[in-house]
Amino acid sequence: MSRSSKKGPYFDPKLLAKVEKTGKSGARAPIKTWSRDCTILPDFVGVTFEVHNGKNFIKVYVTEEMVGHKLGEFSPTRVFKGHSGGKAKAAPGK
């Protein structure tokens, strides 16, 4: 279920204030955030975020193609280690 279009995109006002503050100061340090549901705005382009995935922080550099997506989409929460089964097993009788 998506957010109503009349409401506009959701963004964290504190996060936007941090982005504007770093833009004025010219600092290149990544911004730590737990706000995975925050929509990426055009103001975020060129900023590096450290997005929490539940265990640690994943660095995400925002580009123009990411505008409109959520920060959490670029910080996976699960690790795929492969399907179970016999990868190296030889078939019996051959």
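- Going by an unreviewed UniProt entry, the chain carries the name Small ribosomal subunit protein uS19 and comes from Telmatocola sphagniphila.
- Recorded in UniProt for the chain, the comment headed Sequence similarities (unreviewed entry) runs: "Belongs to the universal ribosomal protein uS19 family."

## Observations regarding the sheet that holds strand S1 (residues 31-33)
So, step 1. The three strands lie next to each other as S1-S2-S3, forming an open sheet whose pairing is mixed. Of all the strands in the sheet, the pair left with one neighbour each is S1 and strand S3 (57-61). Across this sheet, the average inter-strand angle for adjacent strands is 30 degrees, counted without regard to direction.
So, step 2. In the sheet, S1 pairs with strand S2 (residues 48-52) via three bridges, with the strands oriented parallel.

## Some details on the pairing of S3
So, step 1. Bridge count for S2 against S3 is five bridges, and the pairing is antiparallel. Within the sheet, the bridge partner assigned to threonine 48 lies in S3 and is tyrosine 61.
So, step 2. What sits between the antiparallel neighbours S2 and S3 is a turn of four residues, in which glycine 54 has the positive phi angle 105 degrees.

## Let's talk about the side chain of aspartate 12
So, step 1. Its location among the elements puts aspartate 12 in the segment before helix H1 (13-25).
So, step 2. Although aspartate 12 lies buried, it forms no salt bridge, and the closest oppositely charged side chain, lysine 14, sits 6.5 Å away as judged by the N-O distance.
So, step 3. Aside from chain neighbours lying at most four places away, what touches aspartate 12 is Ser35 and Cys38.

## What to know about the packing of aromatic side chains
So, step 1. If you walk through the whole model with that rule in mind, you get two aromatic pairs.
So, step 2. Both rings, one in tryptophan 34 and one in phenylalanine 57, keep their centres 5.0 Å apart while their planes meet at 80 degrees; by these two values the pair is edge-to-face. Linking tryptophan 34 in the loop between S1 and S2 with phenylalanine 57 in strand S3, this pair joins segments that are 23 residues apart in sequence.
So, step 3. Assessed through its relative accessible area of 59%, tryptophan 34 is described here as exposed.

## With respect to a positive patch on the surface
So, step 1. Where like charges cluster on the molecular surface, the positive patch consists of Arg3, Lys6, Lys7 and Lys70.
So, step 2. Mapped onto the fold, lysine 6 is located in the segment before H1.

## Quick word on the nonpolar core
So, step 1. One finds Leu15, Phe44, Phe49 and Leu71 to be the most contacted residues of the largest nonpolar core, which totals 15 residues.
So, step 2. When contributions to this core are tallied by element, the ones reaching two or more residues are H1 and S2.
So, step 3. No other element matches the three residues that H1 contributes to this core.
So, step 4. If near-sequence neighbours (up to four positions away) are discounted, phenylalanine 44 is found in contact with Leu15, Leu16, Val19, Cys38, Thr39, Phe49 and Val62.

Cut-offs and rules
- Residues numbered from 1 in each chain as written.
- Predicted model: local features only at pLDDT ≥ 70, side-chain atom pairs only at ≥ 80, totals over all residues.
- Heavy atoms only, no water.
- UniProt positions renumbered as here; feature names shortened; annotations may be inferred.
- Pairing = 2+ DSSP bridges.
- Helix = DSSP H or I, 4+ residues; strand = E, 2+ residues; numbered from the N terminus.
- Axes fitted to C-alpha atoms, helices over the stretch in contact; angles between N-to-C directions.
- Buried < 20%, exposed > 50% of the residue type's maximum accessible area, 1.4 Å probe, protein only.
- Lys, Arg positive; Asp, Glu negative; His and termini not counted.
- Salt bridge = Lys/Arg side-chain N within 4 Å of Asp/Glu carboxyl O.
- Contact = heavy atoms within 4.5 Å.
- Phe/Tyr/Trp six-rings, centres within 6.5 Å; stacked < 30°, edge-to-face > 60°.
- Patch = residues over 30% accessible without salt bridge, like charges linked within 9 Å, V, L, I, M, F, W, Y side chains within 5 Å.
- Areas by Shrake-Rupley, 256 points an atom, 1.4 Å probe, with all protein chains shown as cover.
- Charge placed at Lys NZ, Arg CZ, Asp CG, Glu CD.
- Core = buried A, V, L, I, M, F, W, Y, C linked by side-chain atoms within 4.5 Å.

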